Amino acid sequence: YPTPDGVSFDLHDITDRKQAEEALLESEIRFRHFVASNIIGIIVSDPEGTIYEANEAFLSTMGYTQDDLAAGRMNWITMTAPEDRAQSMRALEELFATGRFQPFEKDYLTKDGKRVPVLIGGTFFRREGSSPLLLAFVLDLTARKEMERQKDLMLGMTSHEMKTPLAALKGTFQLLQRRLKRLSTRADHVSPEVGAFFDDLSERLTASARQVDVQTRLINDLLDVSR
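Residues numbered from 1 in each chain as written. Predicted model: local features only at pLDDT ≥ 70, side-chain atom pairs only at ≥ 80, totals over all residues. Heavy atoms only, no water.

A. Examining the overall build of the protein more closely. Counting its regular elements, the protein contains seven helices and five strands. A burial count over the protein gives 27% of its 227 residues as buried. Across the protein, every contact between residues at least 6 apart in sequence was considered, and the portion connecting residues at least 24 apart equals 45%. Total accessible area on the protein is roughly 15300 Å²; 58% of this is exposed by carbon and sulfur atoms. (Helix = DSSP H or I, 4+ residues; strand = E, 2+ residues; numbered from the N terminus. Buried < 20%, exposed > 50% of the residue type's maximum accessible area, 1.4 Å probe, protein only. Contact = heavy atoms within 4.5 Å. Areas by Shrake-Rupley, 256 points an atom, 1.4 Å probe, with all protein chains shown as cover.)

B. View of the environment of Tyr64. Residue placement: Tyr64 occurs in the loop between helix 2 (56–62) and helix 3 (66–70). Through-space distance from the C-alpha of Tyr64 to that of Met74 is 8.2 Å; in sequence the pair is ten residues apart. In contact with Tyr64, other than residues within four places in its own chain, are Leu59, Arg73, Met74, Met79, Thr110 and Lys111.

C. Helix 6 (residues 142–186), seen in detail. The end-to-end C-alpha distance of helix 6 is 66 Å, a good match for the 66 Å that 45 residues give at a rise of 1.5 Å each. Among all positions in helix 6, only Leu155, Ser159, Leu166, Phe173 and Leu180 are buried. (Expected span 1.5 Å × (residues − 1).)

D. Local environment of the environment of Phe58. On the secondary structure map, Phe58 appears in helix 2. A residue is classified by how much of its surface remains accessible, and Phe58, at 2% relative accessible area, is buried. C-alpha of Phe58 to C-alpha of Phe137: the two residues are 79 residues apart in sequence and 8.9 Å apart in space.

E. Here's a closer look at the pairing of strand 3 (residues 100–109). In this structure, strand 3 lies alongside strand 4 (residues 115–125), joined through eight bridges in antiparallel fashion. Paired with Lys106 across the two strands is Val118, which belongs to strand 4. Connecting strand 3 to the antiparallel partner strand 4 that follows it, the hairpin turn spans five residues, and Gly113 within it adopts a positive phi of roughly 90 degrees. (Pairing = 2+ DSSP bridges.)

F. Here's a closer look at helix 5 (residues 85–98). The end-to-end C-alpha separation of helix 5 is 20 Å, in line with the 20 Å expected for 14 residues at 1.5 Å each. All of the buried residues in helix 5 are Ser88, Ala91, Leu92 and Leu95. The buried residues of helix 5 occupy an angular sector of 105 degrees when the element is viewed end-on, so they sit on one face. Set apart from the buried face of helix 5 by more than 90 degrees, the exposed residues are Arg90, Glu93, Ala97 and Thr98. (Arc of directions from axis to C-beta.)

G. Just the packing of aromatic side chains, in detail. All told, the structure shown has four aromatic pairs when counted by the stated rule. Here Phe96 and Phe124 contribute two aromatic rings whose centre-to-centre distance is 5.4 Å and whose plane-to-plane angle is 65 degrees, an arrangement assigned as edge-to-face. Taken together, the residues span a long stretch of sequence, with Phe96 in helix 5 and Phe124 in strand 4 at a distance of 28 residues. Ring geometry for Phe197 versus Phe198: centroids 6.1 Å apart, planes at 50 degrees, classification tilted. Residue classification places Phe198 among the buried residues on the basis of a relative accessible area of 14%. (Phe/Tyr/Trp six-rings, centres within 6.5 Å; stacked < 30°, edge-to-face > 60°.)

H. Seen up close, the sheet that holds strand 4. Taken together, the five strands give an open sheet; going across it, the order is 2-1-5-4-3, and neighbouring strands pair in antiparallel fashion. In the strand order of this sheet, the two ends are held by strand 2 (51–54) and strand 3, each with one partner. On average, each strand axis in the sheet is tilted by 30 degrees relative to the strand beside it, whichever way the strands run. Packed onto the sheet, helix 6 meets strand 3, strand 4 and strand 5 (133–140) and runs at close to 135 degrees relative to strand 4. (Axes fitted to C-alpha atoms, helices over the stretch in contact; angles between N-to-C directions.)

Dropping the structure here:
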């Protein structure tokens, strides 16, 4: 389309650019709403660990405030538990190589030094005129870890409470079998009825001990499945 001074422009190109800008703005608004919803912790940092942005879900989990964030007192590398930093560095290498890193579990240290188990994953993103930044989600696993601890405790108690009586019962059967064997060998002249009783009792004790073994294996299998 020509203008009065003779310069022409492409209305189609301008329309496409405006639509792209509106789509980008709408996408950013949706993302900002997601961050503000505090469903999950979200942070924006540089590769050196300095956190520039964080939502309330992350700040409350870690015991920090917006003032701490504004003062530059939050660095996800120093906040990582010492034994997990090597794994974090490997994730950073994956980030530089692929532009993202697969979610993994580690422990963060809160402002007052408490440990918080988290699941973290992230990706690089670039802002115009600035270096690439890390965008990461951080999921607090404290509740899940506590449930796992309670489950392990329950399994341990169940194993002890169910297997201990069976072990004692099997020991009793084996003791009776040994005593019965000694008694039968010492008896010189027993009636056929008594001999038949001894044989029947021995078979029943053997079968009972075998059933105890079956129940013990069943409990072990159930515990393995539960784990």
